[in-house]
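# Structural overview for review
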Amino acid sequence: MTEHTSGASGANPKPQPFYESEPIEAIKLRHPGRIVLAVVLLALAALFIFDAANREAFNWPEVGKYLFDTRIVAAVGYTLQLTVYSMVIAIVLGVALAVMRLSPNPVVKAVAWVYLWIFRGTPVYVQLTFWGLFAVIYPQLTIGLPFMDPIFAFETKTIMTAFTLAIIGLALNEAAYMAEIVRAGLLSVDKGQDEAAEALGLGWWHTMTRVVLPQAMRVIIPPTGNEVISMLKTTSLVNAVPFTLELFMKQKDIAAVTYNPVPMLIVASIWYLVVTSVLMVGQYFLERHFAKGVGARPDVMKPSIPTGVIGVVGVEDPGTDGAAGAQRPGGAA
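Residues numbered from 1 in each chain as written. Predicted model: local features only at pLDDT ≥ 70, side-chain atom pairs only at ≥ 80, totals over all residues. Heavy atoms only, no water.

## A look at the overall build of the protein
Regarding its fold elements, the protein presents 13 helices and 4 strands. Carbon and sulfur atoms make up 66% of the accessible area of the protein, which totals about 23300 Å². (Helix = DSSP H or I, 4+ residues; strand = E, 2+ residues; numbered from the N terminus. Areas by Shrake-Rupley, 256 points an atom, 1.4 Å probe, with all protein chains shown as cover.)

## Some details on the nonpolar core
With 37 residues, the main nonpolar core has Leu82, Leu97, Tyr115, Leu128 and Val238 as its most contacted residues. Residue assignment for this core shows that the elements contributing at least two residues are α3 (70-101), α4 (106-121), α5 (124-132), α8 (162-188) and α10 (204-234). For this core, the element with the most residues is α8, which contributes 13 residues. In this structure Leu97 touches Ala112, Tyr115, Leu116, Ala175 and Ala179, once residues within four positions along its chain are discounted. With 17 residues, the next largest nonpolar core counts Leu67, Val76, Leu247 and Met264 among its residues. (Core = buried A, V, L, I, M, F, W, Y, C linked by side-chain atoms within 4.5 Å. Buried < 20%, exposed > 50% of the residue type's maximum accessible area, 1.4 Å probe, protein only. Contact = heavy atoms within 4.5 Å.)

## Section: empty space enclosed by the protein
Throughout the structure, instances matching the rule amount to 1 cavity of 30 Å³ or more. Considered as a void within the structure, the largest cavity measures approximately 40 Å³ in volume. At the level of secondary structure, the elements contributing two or more residues to the lining of the largest cavity comprise α3 and α12 (261-290). Looking at the lining of the largest cavity residue by residue, the classes come out as 7 nonpolar, 1 polar and no charged. (1 Å grid on protein atoms, 1.4 Å probe; cavity = no way out; pocket = protein on both sides within 12 Å on 5 of 7 lines; lining within 4 Å. Points joined across faces, edges and corners; volume = space filled by probe spheres on them. Nonpolar A, V, L, I, M, F, W, Y, C, P; charged D, E, K, R; others polar.)

## Here's the deal with the packing of aromatic side chains
Summed over all chains, the structure comprises 11 aromatic pairs. On the numbers, 5.8 Å between centres and 70 degrees between planes, the contact of Tyr78 with Phe243 is edge-to-face. Taken together, the positions of Tyr78 in helix α3 and Phe243 in the loop between α10 and α11 (247-258) put the pair 165 residues apart, joining distant regions of the chain. Ring pairs connect the aromatic residues Tyr78, Tyr85, Phe163 and Phe243, which therefore count as one cluster. (Phe/Tyr/Trp six-rings, centres within 6.5 Å; stacked < 30°, edge-to-face > 60°.)

## Points about the layout of surface pockets
Estimated volume of the largest pocket: approximately 440 Å³. Together, 16 residues line the largest pocket, and Leu102, Lys191, Asp194, Trp204 and Met208 are the ones closest to its centre. Of all the secondary-structure elements, those providing two or more residues to the lining of the largest pocket are α8, α9 (191-199) and α10. The element that contributes the greatest number of residues to the lining of the largest pocket is α10, accounting for 4 residues. For the lining of the largest pocket, a count of residues per class yields 9 nonpolar, 3 polar and 4 charged. In terms of lining, the second largest pocket is formed by Ile91, Ile221, Thr224, Gly225, Val228, Ile229, Val278, Leu279, Gly282, Gln283 and Leu286. Among the secondary structure elements, those contributing two or more residues to the lining of the second largest pocket are α10 and α12. Counted by class, the lining of the second largest pocket contains 7 nonpolar, 4 polar and no charged residues.

## Overview of the confidence of the model for the protein
Looking at the protein as a whole, the pLDDT averages 82, with 82% of positions reaching at least 70. Scored below 50 in pLDDT, residues 322-333 makes 12 contacts in the model with residues more than four places away or belonging to other chains. (pLDDT = per-residue confidence, 0-100.)

## Observations regarding unusual backbone geometry
With an omega dihedral of 5 degrees, the bond running from Val241 to Pro242 counts as a cis peptide bond. Mapped onto the fold, Pro242 is located in the loop between α10 and α11. Not every positive phi belongs to a glycine, and Asn59 is a case in point at roughly 50 degrees. Mapped onto the secondary structure, Asn59 falls in the loop between α1 (32-54) and α2 (60-66). Residue classification places Asn59 among the partly exposed residues on the basis of a relative accessible area of 24%. Phi angles above zero are rare outside glycine, and Tyr259 is one such case at about 60 degrees. Within the secondary structure layout, Tyr259 lies in the loop between α11 and α12.

## Let's talk about α11
For α11, with 12 residues, the first-to-last C-alpha span of 17 Å sits near the 16 Å given by 1.5 Å per residue. Of the positions making up α11, those classed as buried are Leu247, Met249, Lys250, Gln251, Ile254 and Ala255. For α11, the N-terminal cap is Glu246; the gap from its side-chain oxygen to the backbone nitrogen of Phe248 is 2.9 Å. Positive backbone phi, approximately 60 degrees, marks Tyr259, located one or two places after α11. (Expected span 1.5 Å × (residues − 1). Polar contact = N/O pair within 3.5 Å; in protein donor to acceptor, adjacent residues only side chain to side chain.)

So, in structure tokens, the structure goes:
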């Protein structure tokens, strides 16, 4: 820091020398416990990998043989279809149920609550088993007026295939969970946002789609991504319908012929991990997209215009005459 002394009248102040302080010598804190723990964990991981590579039961040549088998790849396709179709239906139905839960109408709210109570209170495997017996419970599907002969009648087995029943069973169960996720996201938005939208003359639809939902998506996306990953793994339960063309049942059928269940389970696990990794990457980019504007501000804020453009009162610009240099930044003299 430079200090000035007062001199004679009209004389320039005489600067004093500046003395720099000695730099602080910071000693890094040591953590020997962390190093020991890291070495132990790495040693255990290396032992596990070495043991797995040499264990005969894993039969890695068999894993490589069936990893890209056409039957396995086709089963992965069915698993992805079950996941995508079920989640799309579940998200749409979950949004509707969430709005019903928040409705001031007590009847609508009660219907949504009963739906959630039933589908969240019973295991998904039991629900899929019921859907597998749908053709037994309802042999025919009819369209018509009550207490009159039906206009149209269809055999349930011809319309409701095992693939369709599996999608319906998974979607209806998942919708109950998606409803609570969406409701939590909607409740996370401050009530003042609705009031501000109403003050601007926006209707319910525009308020929900342009004001509330974009802000609620920051809360909705992370648990929804977890539900998509969970749905991918829940498709292994559709054998209760029964639907046997998805990944888990297909590897089980192959293992029943080769008498090597462990390699086929590894094949299925690898495919589940690959698809799950792709879904996690997609979830990351979605979260980053909807988190715009809410992250931490940068440490260094850049000026919007160059500093040299702004004039200073009483200082002449060398490139202009004195009159122009003496103007205020706003242009006034």
